[in-house]
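Below, each chain spelled out in residue letters.
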Amino acid sequence: MLNILVCVKQIPDIDLVKMDPETGNLVRAGVPTLTNPLDLNALEAAVQVKERFGGEITLITMGPPMAESTLRECLAVGGDEAVLITGRPFGGADTLSTSYTIVKAAEMEGKFDLIFCGKESQDGATGQMASQLAERFDAAQISCCFSIEDVADGKIRATRTLEHGREIVEATLPCLVTVEKDNFYGRLPNLEAYLAAKTAPITTYTENNIDGLDPAKIGVPGSGTIVPKIYPPELPEPGQMIRTGSVKSDVGRLIELLTDKGSL
Ligand SMILES: Cc1cc2nc3c(=O)[nH]c(=O)nc-3n(C[C@H](O)[C@H](O)[C@H](O)COP(=O)(O)OP(=O)(O)OC[C@H]3O[C@@H](n4cnc5c(N)ncnc54)[C@H](O)[C@@H]3O)c2cc1C
């Protein structure tokens, strides 16, 4: 039976996140959260593998306690077990310490043959986690996976999307896979699964119950990067429509505007 891990992240709705002009920090308070959409594609790929080849799916997330709702959403569409890593000392983590923490907590749950990740998160969007996790799990990695052909005899065969075509690759297990969204649409839960997920047990790890967790490698102390400031990009001046009623006067107005700007 395949032991499958799916990494899912709860993110703020980025369309609603604002920036504090004074501090340069993101204001997340009161902003609705959602499951990173690409992680739902990764989960769908994992569920298809489970359906075709057998296996069990463990979901894992690192985040605040409310990230539990993401786990429940994912349990309803095919996850079997769920793991939440949460605690103040994990706050302010960059990808280096996030990947360390996720792997240490995952090790508490056993060994995984396949690990699925989204290609990137919609908020942090570094796209670094999958490769860091693969390295830390000592796993092969298949990125941009378009379809999974076979999982057998300790190997996975998959088709990857390239810029101008596709290629079929084979890797030994354990293997981490990031998927292309266009072939793994997330599914809707049925009522029974939805209700079961509401009360399913969730294994919770904090800084106090992960074996061998090095406090110097989590949260801010374990982060190799610092973001001193976040600021919105400078937007170009908005365009102007010139519609005076005739082409001749439009052109006249355009020349006027360009002359005023010193462009002519
Ligand atoms: C210096 C620094 C400080 C930061 N401080 C904070 C902070 O205080 N609070 C905060 O919320 N964020 C913070 N972040 C962002 C946080 O580090 C990243 O969100 C996190 O490390 C994952 O990176 P990403 O979102 O770019 O993941 P990507 O590499 O873009 O994600 C790829 C995939 O990895 C998996 N994944 C990513 N994150 C998780 C997760 N947490 N749990 C499970 N699976 C996951 C998902 O499958 C996802 O699709 C900080 C980042 C930096 C650089």
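Located above this text is the structure these notes cover.
Residues numbered from 1 in each chain as written. Predicted model: local features only at pLDDT ≥ 70, side-chain atom pairs only at ≥ 80, totals over all residues.

### Overview of helix α4 (residues 129–136)
Listed in full, the buried residues belonging to α4 are Met-129, Ala-130, Leu-133 and Ala-134. Buried positions in α4, seen along its axis, are confined to an arc of 130° and lie on one side of it. Those residues of α4 that are buried are in contact with β1 (2–7), α3 (95–107), β8 (114–117), β9 (140–152) and β12 (175–179). Where α4 terminates, the next one or two residues include Asp-138, which has phi positive at roughly 55°. (Buried ≥ 20, exposed ≤ 12 C-beta atoms within 10 Å, placed from the backbone. Helix = DSSP H or I, 4+ residues; strand = E, 2+ residues; numbered from the N terminus. Arc of directions from axis to C-beta. Contact = placed C-beta atoms within 7 Å.)

### Observations regarding the site of the ligand
If you check the shell around the ligand, you find 34 residues, and the closest are Gly-118, Ser-121, Gly-124, Thr-126 and Met-129. Where the shell around the ligand is concerned, the elements lending two or more residues are α1 (37–53), β6 (55–62), α3 and α4. Here the shell around the ligand is built from residues that sort into 14 nonpolar, 15 polar and five charged. (Near = placed C-beta within 6 Å. Nonpolar A, V, L, I, M, F, W, Y, C, P; charged D, E, K, R; others polar.)

### Points about the sheet that holds strand β10 (residues 155–162)
Read across the sheet, nine strands follow the order β11-β10-β9-β12-β8-β1-β6-β7-β13 without closing on themselves; strand pairing throughout is mixed. Since the sheet does not close on itself, it has two edges, and those belong to β11 (165–172) and β13 (203–205), each with one partner. Across the sheet, the mean angle separating the axes of adjacent strands is 30° when strand polarity is ignored. Set on the sheet, α1 makes contact with β1, β6, β8, β9 and β12; between it and β1 the angle comes to about 170°. The strands touched by α3 within the sheet are β1, β6, β7 (81–85) and β13, with β6 carrying the most contacts at an inclination of about 140°. (Pairing = 2+ DSSP bridges. Axes fitted to C-alpha atoms, helices over the stretch in contact; angles between N-to-C directions.)

### A few points about the nonpolar core
In this structure, Val-6, Ile-115 and Phe-116 are the most contacted members of the largest nonpolar core, which totals 57 residues. It is α1 that provides the largest number of residues to this core, a total of eight residues. Discounting chain neighbours no more than four positions away, the residues touching Phe-116 are Ile-4, Val-6, Ala-42, Leu-43, Ala-45, Ala-46, Val-177 and Val-179. (Core = buried A, V, L, I, M, F, W, Y, C linked by C-beta atoms within 7 Å.)

### Some thoughts on the environment of Ala-29
Position of Ala-29 relative to the elements: it lies in the loop between β4 (26–27) and β5 (33–35). Counting along the chain gives 17 residues from Ala-29 to Pro-12, while the straight-line C-alpha distance between them is 9.3 Å.

### Some points on the environment of Val-31
Its place among the elements puts Val-31 in the loop between β4 and β5. Judged by the 15 C-beta atoms lying within 10 Å of it, Val-31 falls in the partly exposed class. For the pair Val-31 and Ile-11, spaced 20 residues apart in sequence, the C-alpha separation works out to 9.7 Å.

### Looking at unusual backbone geometry
As a rule of thumb, non-glycine residues mostly have phi less than zero, and peptide bonds are mostly trans rather than cis. Residue Pro-174 follows Leu-173 across a cis peptide bond; omega there is 0°. Structurally, the position occupied by Pro-174 is in the loop between β11 and β12. Backbone geometry at Ala-125 places phi at a positive 55°, although glycine is not the residue there. In this fold, Ala-125 is placed in the loop between β8 and α4. Note on Ala-125: 12 C-beta atoms within 10 Å, which makes it exposed. One non-glycine residue with positive phi stands out, namely Asp-138, at about 55°. With respect to the helices and strands, the residue Asp-138 is situated in the loop between α4 and β9. On the basis of neighbour counts, which here come to 8 C-beta atoms within 10 Å, the residue Asp-138 falls in the exposed class.

This is a description of form; function is not addressed.
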